[in-house]
Protein chains: 2
Amino acid sequence: MKTILPLILLLWAFAAPSHVPTQAQAARADPPTYSNDGKLVRPDDYREWVYLTSGLGMTYGPAGTGRAPMFDNVFVTRESYRQFMQTGTWPEKTMFILEIRGAETNVSINNGGQTQGGIVALEAEVKDRSRFPETGWGYFNFGGAPNLQGAVAALPTSATCYSCHRQNTAVENTFVQFYPTLMEVARRMGTIKPAYDPAHKVQ
Amino acid sequence: MKTILPLILLLWAFAAPSHVPTQAQAARADPPTYSNDGKLVRPDDYREWVYLTSGLGMTYGPAGTGRAPMFDNVFVTRESYRQFMQTGTWPEKTMFILEIRGAETNVSINNGGQTQGGIVALEAEVKDRSRFPETGWGYFNFGGAPNLQGAVAALPTSATCYSCHRQNTAVENTFVQFYPTLMEVARRMGTIKPAYDPAHKVQ
């Protein structure tokens, strides 16, 4: 886990609340939810949120480190997704989950390429100006499987995810440039940041 | 497109109806829906269905064909997903969408691995014994982008997807062996087919 956490933190660009509760959510508060001591509770139903994209072996630093490539899947809360599709912006309380999974080869009848294996790590991003007055967005690391934390405090603002998301994202603090269906909406709505440069690299 | 369609057909293992309409679905019939002449209507909201998994460069035939690897994303209707999570089986009217997307390199700050690009093709699988009495499942090909069809008839039962799904899938006619969160449920519920052999290859 230690070797991949910096990558995971860098991968981070996410966050959305659901104001229209589904049947399963009707009996509980919409995400994001917090424990009494202010920690973000790990949602158990994020696989029913809206899927945004997957990458395989994404690397924001130098490529070719020899690290085994992993899949990253991104999910966002449903009502925020719908608002983004209409406006090209994220409402307050938007929440994203970044799920990292192993990449497997030769599973069953598959002879080429890679398929998704077990969960490796889980992270979150939340847009909440009242809770994160300095940055507007909070970043959370639920740790690595099989020891995912049930609730975690926001990472300190010195963590690289804060600056990376602020500096390198296409829309607000989110990597919409990697979400094909959303990038089209942002273009149409004119919500891509003026400073966003698709050719920019971190180094 | 012609070169990848056999692959896409082989990739196929999917399908689910939503009995709990979301806000967006409330005004219309749950999927699957059919035109007056019996064609399956391409759903415009499948990206809000439940995501099951992604693969990159999956190949059921011989590997190393030199074909550019593509991402495949699988979505299933929400209520069927919930029923599967409780029972390990798919209810009648279950519907899956297989979305094929291009794989891109070096997008924005990404220096390694691949991210998802534009849509390439779209297919569907539906479980419906009354509509497909011979096979129990129907397979559909909406074609290639940018000329996706709005509604299509089921492929003839001579298409390879029918036999491939019947012979090589872990649960019913669906490739649950590639859906990590569902395979766990099928194991627990004892719904993996007795004949399923994880070491079996097509050739």
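Residues numbered from 1 in each chain as written. Chains lettered and ligands numbered in written order. Predicted model: local features only at pLDDT ≥ 70, side-chain atom pairs only at ≥ 80, totals over all residues. Heavy atoms only, no water.

**Q** Before we go on, may I ask you to explain the overall build of chain A in this structure?
**A** Looking only at helices and strands, chain A features four helices and seven strands. In chain A, the order of α-helices and β-strands from amino to carboxyl end is α-β-β-β-α-β-β-β-β-α-α. Out of the 203 residues in chain A, the part that is buried amounts to 58%. Surface accessibility of chain A: about 8,200 Å² in total, with carbon and sulfur atoms responsible for 53%. (Helix = DSSP H or I, 4+ residues; strand = E, 2+ residues; numbered from the N terminus. Buried < 20%, exposed > 50% of the residue type's maximum accessible area, 1.4 Å probe, protein only. Areas by Shrake-Rupley, 256 points an atom, 1.4 Å probe, with all protein chains shown as cover.)

**Q** Help me understand the interface of chain A and chain B, please; the structure alone is not making it clear to me.
**A** For an interface, size is often stated in terms of accessible area lost upon the parts coming together. On the chain B side, the residues contacting the 52 residues of chain A number 52 residues. Both sides together, the interface formed by chain A and chain B hides about 4,200 Å², and carbon and sulfur atoms give 51% of it. Its largest share of buried area at the contact with chain B, chain A owes to Arg-47, Tyr-51 and Ile-109 of chain A, together 18% of the area lost on that side. Where chain A meets chain B, there are four salt bridges. Of the charged contacts, one joins Glu-48 of chain A and Arg-82 of chain B as a salt bridge, the two residues approaching to 2.6 Å between their closest N and O atoms. Mapped onto the side of chain A that touches chain B, the elements with two or more residues apiece are strand 2 (50-59), strand 3 (70-76), helix 2 (78-87), strand 5 (112-127), helix 3 (160-168) and helix 4 (180-189) of chain A. Here the residues of the side of chain A that touches chain B sort into 21 nonpolar, 24 polar and seven charged. One ladder, built from three bridges, connects strand 2 of chain A with strand 5 (residues 112-127) of chain B; its direction is antiparallel. Of the residues in strand 5 of chain B, the one forming a bridge with Gly-55 of chain A is Thr-115 of chain B. (Contact = heavy atoms within 4.5 Å. Buried area = accessible area lost by both parts, 1.4 Å probe. Salt bridge = Lys/Arg side-chain N within 4 Å of Asp/Glu carboxyl O. Nonpolar A, V, L, I, M, F, W, Y, C, P; charged D, E, K, R; others polar. Pairing = 2+ DSSP bridges.)

**Q** Is there a simple way to explain the packing of aromatic side chains in this structure?
**A** Geometry of an aromatic ring pair is reported as the spacing of the ring centres plus the angle between the planes. In the structure shown here, the tally under the stated rule is 21 aromatic pairs over all chains. Ring centres of Tyr-51 of chain A and Tyr-51 of chain B lie 3.6 Å apart, and the angle between their planes is 5°; this geometry places the pair in the stacked category. Of this pair, Tyr-51 of chain A sits in strand 2 while Tyr-51 of chain B sits in strand 2 (residues 50-59), which puts the two residues in different chains. What makes Tyr-51 of chain B buried here is its relative accessible area of 0%. With a centroid separation of 4.7 Å and an interplanar angle of 80°, the aromatic rings of Tyr-139 of chain A and Tyr-162 of chain A are classed as edge-to-face. (Phe/Tyr/Trp six-rings, centres within 6.5 Å; stacked < 30°, edge-to-face > 60°.)

**Q** For this particular structure, what's the right way to read the relation of the copies chain A and chain B?
**A** Copies of the same chain, two in number, are related to each other by a rotation about an axis and a translation along it. Least-squares fitting of chain A to chain B yields an RMSD of 0.0 Å, with the transformation described by 0.0 Å of translation along the axis and a rotation of 180°. These values place the two chain copies in the arrangement generated by a two-fold rotation axis. When C-alpha positions in chain A are compared against the rotation axis, the closest is assigned to Tyr-51 of chain A, at 3.1 Å. (Least-squares fit on C-alpha atoms with pLDDT ≥ 70 in both.)

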